Amino acid sequence: MDLGKLKEKIDSTEVVEELFMLSGNVFGKSSDDVKKVIEMLISKSYLMGKKNLTKIVDE
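All of the points below concern the structure found in this document. (Residues numbered from 1 in each chain as written. Predicted model: local features only at pLDDT ≥ 70, side-chain atom pairs only at ≥ 80, totals over all residues. Heavy atoms only, no water.)

**Points about the overall build of the protein chain**
The condition that has to hold: Numbering goes from the N terminus for both helices and strands, where a helix is a DSSP run of H or I of at least four residues and a strand is a run of E of at least two. Buried residues are those whose accessible area, probed at 1.4 Å on protein chains only, stays under 20% of the maximum for their type, while exposed residues exceed 50% and partly exposed ones sit between those limits. Under the convention used here, a 1.4 Å probe and the Shrake-Rupley method define accessible areas, while residue burial counts only the protein chains that appear.
Along its length, the protein chain carries three helices and zero strands. Its helices and strands taken in sequence order, the protein chain reads α-α-α from the N to the C terminus. A total of 59 residues make up the protein chain; the buried ones form 8% of that total. Per element, the accessible surface of the protein chain, about 5200 Å² overall, is 59% carbon and sulfur.

**Re the pattern of salt bridges**
Quick reminder of the rule: Just to be clear on terms, a salt bridge is a Lys or Arg side-chain nitrogen sitting within 4 Å of an Asp or Glu carboxyl oxygen.
Taken as a whole and assessed by the stated rule, the structure comprises one salt bridge. For the salt bridge of aspartate 11 with lysine 7, the shortest nitrogen-to-oxygen distance reads 2.7 Å. Of this pair, aspartate 11 and lysine 7 both sit in helix α1 (residues 3–12), four residues apart, which is roughly one turn of that helix. Of the two residues, aspartate 11 and lysine 7, neither departs from the other in class, the shared state being exposed.

**Observations concerning a nonpolar patch on the surface**
Put simply, the rule reads: For patches, a residue must show more than 30% relative accessible area and have no salt bridge; joins then use 9 Å for like charges and 5 Å for nonpolar side chains, namely Val, Leu, Ile, Met, Phe, Trp and Tyr.
On the surface, Val37, Met40 and Leu41 cluster together to form a nonpolar patch covering roughly 290 Å² of accessible area. Residue placement: methionine 40 occurs in helix α3 (residues 32–58).

**Structural notes on the packing of α1 against helix α2 (residues 16–26)**
How two helices sit against one another is set out by the angle between their axes and by the gap between those axes. Note the cut-off: In this description, a line fitted to the C-alpha atoms serves as the axis of each element, helices being fitted only across the stretch in contact, and the angle between N-to-C directions of two axes falls anywhere from 0 to 180 degrees. Any angle from 65 to 115 degrees is called roughly perpendicular, while one under 35 is roughly parallel, one over 145 is roughly antiparallel, and all others are oblique. Take the far helix as your reference; a near helix turned counterclockwise from it by less than a right angle gives a left-handed crossing, and one turned clockwise gives a right-handed crossing. Contacts were defined at the residue level, with two residues in contact if any of their heavy atoms lie within 4.5 Å.
Between α1 and α2, whose axes approach to 10 Å, the crossing angle comes to 160°. Classed by the angle they form, the pair α1 and α2 counts as roughly antiparallel. The two elements α1 and α2 meet at a crossing, and its hand is right-handed. Here α1 contributes Leu6, Lys9, Ile10 and Ser12 to the contact with α2, which in turn contributes Glu18, Leu19, Leu22 and Val26.

**A look at the side chain of serine 23**
Put simply, the test is: Side-chain atoms alone can form a polar contact between residues adjacent in sequence; in general such a contact is a pair of N or O atoms within 3.5 Å, and within protein one must be able to donate a hydrogen while the other accepts it.
Looking at where serine 23 falls in the secondary structure, it is placed in helix α2. Accessibility expressed as a relative area gives 15% for serine 23, which makes it buried. Looking at serine 23, its side chain comes within polar contact range of the main-chain oxygen of phenylalanine 20, at 2.8 Å.

Below is the structure:
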């Protein structure tokens, strides 16, 4: 796996759904458990970022 190209793709994504699709491509041959963990991490990161942004704007 070319990590440089992967980083470019991650950096160029604009919506969370694109990250889900990208993770599916990268981990496509892995178990369903791996895919679920990646999806949970992406979702949690998105929600944490959204919460932190709201907190900063409110301050």
